[in-house]
Amino acid sequence: MPPDTARPPLLLTLAWRNLWRHPRRTLVMLFALVLGIWSMIVMAALIRGSMEEQIRKEILNLTGHVQIHAPGYRDDPAVEHRFAVTPALAEALRTKAAVAASARVRVPAVISSERESAGVVLVGIDPPGERGLSFISKAVTDGAYLSTPDDPGLLLGRKLAEQLETGLGRRVVLMSQDAGNQIADRGFRVVGIFDAEPQAMETGYVFIGLGVAQQMLKIGQDVSEVAVMTPDRKGLEGIVASLRAAAPGEDVAPWTELQPLLVLMERLHNVVLLIWFAVVFTAMAFGLVNTLLMAVFERMREFGLFQALGMPPRFILGQVLVESLILLGIALALGNLTSWISVTGLKGGIDLSMFAQGLELVGMSPVMYPALAAGDVAAANIIVIVLGVLASLYPAWRASRYVPVEAITRT
């Protein structure tokens with residue numbers, strides 16, 4: 001074969017035919033590659049979905065995307081660390097890209113029934129303002145949600161109600177410290193029981209109207225915090241800068257500062273994904289290299305004959321690499337397709353409620369929803385194609401290094 005005829009189309013034809021000389025071996029290798037790619041993408045979708053669900057729940061559990069506090073409140077959430085919502089801040093909250101925003105009073109308190117008492121966080125809310133901002137507006141399963149900031153009722157978590165041996169329609173007493181450092185107490189009727197995840201939300205928080213809380217604590221129109229929800233939890237720099245300009249002297253922080261452990265967990269999940277990709281690819285690479293080496297050894301005399309006829313070693317190297325690329329290309333197409341079908345089929349979630357108590361300890365939801373991220377799919381594809389070609393270099397190099405006479409005469 002003259003050297004000038006060994007052009008890429010010819011290499012492609014030869015590589016394709018060589019792959020199907022032993023169809024069973026090629027199909028087994030393809031199955032292994034597709035299985036590896038499928039496991040990389042589906043596992044990434046499950047881990048990503050679990051992490052996104054944790055972040056979503058934490059944001060809805062009174063965090064929001066951005067919070068505004070008085071300086072010192074995050075270290076000591078006491079009544080003296082409060083601030084007033086100025087007209088400039090109120091205007092900024094109305095005009096900036098906020099889906100929902102609401103002020104709250106949030107201080108430590110003690111709740112007592114006729115039988116038991118417990119330490120809780122008293123949260124005074126503007127009931128209409130919490131819709132779309134936190135979980136509480138949709139969490140009341142018995143009784144009714146608060147109607148206005150001056151609603152005299154109280155919302156109690158189901159688990160806390162069991163601990164206090166009280167229930168819907170019963171009276172409880174809340175005690176805290178007011179602005180004058182005096183004990184402030186007031187009786188409330190339980191008008192709603194809410195369910196929440198994690199269960200600590202049910203035992204740790206009670207909700208009353210914002211106006212009632214301000215009156216009880218004698219703080220006028222001051223508040224403890226303003227929570228803001230935006231259309232996207234990413235790219236908050238603009239709105240944070242705007243709110244800092246509207247509320248100079250106050251502590252304006254995005255959720256990434258308020259929940260550093262959650263950010264750390266998200267980064268840890270990314271590292272786990274990369275390790276998983278590396279482990280799966282290493283297993284696939286051994287299979288790919290073994291298959292190509294076996295094919296090269298079987299065609300030793302053929303490669304020797306090609307070189308004796310004048311084919312440069314680089315074309316032989318190219319032929320083996322093209323075989324590898326064809327194999328990887330087919331595997332990627334099938335792997336991506338089966339992954340997409342699997343993730344679409346699991347869109348309704350995987351019910352792990354039988355492990356609910358254990359999952360709650362690590363902050364995971366009993367229902368796992370996969371989330372297919374374009375970045376994860378791209379990373380899996382790039383890793384497979386780049387490292388796959390690198391893994392194929394050794395068999396290709398071996399094929400191109402044969403001495404023609406030795407290769408032809410070898411039996």
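Residues numbered from 1 in each chain as written. Predicted model: local features only at pLDDT ≥ 70, side-chain atom pairs only at ≥ 80, totals over all residues. Heavy atoms only, no water.

Points about the overall build of the protein chain
1) Next: Within the protein chain, the secondary structure is distributed over 15 helices and 12 strands.
2) Next: For the protein chain, the C-alpha atoms occupy an extent of roughly 100 × 45 × 30 Å along the three principal directions.
3) Next: Relative to its 411 residues, the protein chain shows a buried fraction of 48%.
4) Next: Long-range contacts, defined here as pairs at least 24 residues apart, represent 78% of the contacts in the protein chain between residues at least 6 apart.
5) Next: As displayed, the protein chain offers around 19900 Å² of accessible surface, 63% of which is attributable to carbon and sulfur atoms. (Helix = DSSP H or I, 4+ residues; strand = E, 2+ residues; numbered from the N terminus. Buried < 20%, exposed > 50% of the residue type's maximum accessible area, 1.4 Å probe, protein only. Contact = heavy atoms within 4.5 Å. Areas by Shrake-Rupley, 256 points an atom, 1.4 Å probe, with all protein chains shown as cover.)

A word on a nonpolar patch on the surface
1) Next: A grouping of Ile382, Val386, Leu387, Leu390 and Leu393 is seen on the molecular surface, where their side chains present a nonpolar patch of about 410 Å² in accessible area.
2) Next: Mapped onto the secondary structure, Leu387 falls in helix H14 (residues 374-400).
3) Next: Residue Leu387 is classed as partly exposed on the basis of its relative accessible area of 34%. (Patch = residues over 30% accessible without salt bridge, like charges linked within 9 Å, V, L, I, M, F, W, Y side chains within 5 Å. Salt bridge = Lys/Arg side-chain N within 4 Å of Asp/Glu carboxyl O.)

As for the pattern of salt bridges
Opposite charge on two side chains permits them to pair, given that their charged atoms come into close proximity.
1) Next: Within this structure, the stated rule accounts for 19 salt bridges.
2) Next: Between Glu225 and Arg104 there is a salt bridge whose closest N-O contact spans 2.8 Å. Separated by 121 residues along the polypeptide, Glu225 in strand S9 (residues 225-229) and Arg104 in strand S2 (residues 100-112) bring together distant segments of the chain. In this pair, the class of Glu225 matches that of Arg104, namely buried.
3) Next: Among the charged side chains, a network of salt bridges with common partners joins Arg74, Arg244, Asp251 and Glu257.

Some thoughts on the domain arrangement of the protein chain
1) Next: Domain boundaries assigned for the protein chain yield domain 1 (10-57 + 262-401) and domain 2 (66-247).
2) Next: On a C-alpha basis, the centroid separation for the pair domain 1 and domain 2 is 49 Å.
3) Next: Of the residues lining the interface, seven residues belong to domain 1; the matching set on domain 2 comes to four residues.
4) Next: The tally of links from domain 1 across to domain 2 stands at three salt bridges.
5) Next: Seen at the junction of domain 1 and domain 2, the total is two residue pairs in polar contact (both at pLDDT 80 or more).
6) Next: Residues that form the side of domain 1 that touches domain 2 fall into these classes: two nonpolar, one polar and four charged. (Domains from an automatic or database assignment. Polar contact = N/O pair within 3.5 Å; in protein donor to acceptor, adjacent residues only side chain to side chain. Nonpolar A, V, L, I, M, F, W, Y, C, P; charged D, E, K, R; others polar.)

Thoughts on unusual backbone geometry
Working note: non-glycine residues mostly have negative phi, and peptide bonds are mostly trans.
1) Next: The step from Glu197 to Pro198 runs through a cis peptide bond, and the omega angle for that step is -5°.
2) Next: Tracing the backbone shows Pro198 in the loop between strand S7 (183-194) and helix H6 (200-204).
3) Next: In the Ramachandran plot, Leu62 falls in the positive-phi region, its phi being about 75° despite a non-glycine side chain.
4) Next: Take Leu62: it is sitting in helix H2 (residues 23-63).

Let's talk about the packing of aromatic side chains
1) Next: Under the criterion given, the structure shown has four aromatic pairs.
2) Next: Considering the side-chain rings of Phe135 and Phe207, the 6.1 Å spacing of their centres and the 75° angle between planes classify their relative orientation as edge-to-face. Taken as a pair, Phe135 in the loop between strand S3 (117-125) and helix H4 (136-139) and Phe207 in strand S8 (residues 205-209) lie far apart in primary sequence, 72 residues in all.
3) Next: An aromatic cluster is defined as three or more aromatic residues linked by ring pairs; in this entry it consists of Phe135, Phe194 and Phe207. (Phe/Tyr/Trp six-rings, centres within 6.5 Å; stacked < 30°, edge-to-face > 60°.)

Quick word on the nonpolar core
1) Next: One finds Ile111, Leu156, Leu174 and Leu243 to be the most contacted residues of the largest nonpolar core, which totals 55 residues.
2) Next: Top element by residues in this core is S2. It accounts for six residues.
3) Next: Domain assignment of the residues forming this core places at least three in each of domain 1 (10-57 + 262-401) and domain 2 (66-247).
4) Next: The contacts of Ile111, once residues within four sequence positions are left out, are Glu116, Ser117, Ala118, Val120, Leu156, Leu160, Leu164, Val172, Val173, Leu174 and Val206.
5) Next: Membership of the second largest hydrophobic core comes to 30 residues, among which are Ile41, Leu273, Leu293 and Val322. (Core = buried A, V, L, I, M, F, W, Y, C linked by side-chain atoms within 4.5 Å.)

Notes on helix H3 (residues 87-95)
Think of an α-helix as turning once every 3.6 residues; residues three or four places apart then point the same way.
1) Next: Every buried residue of H3 is listed here: Leu89, Ala92 and Leu93. Within H3, the buried residues cover an arc of 100° as seen down the axis, which keeps them to one side. Residues of H3 that are exposed and point more than 90 degrees away from the buried face comprise Pro87, Arg94 and Thr95. (Arc of directions from axis to C-beta.)

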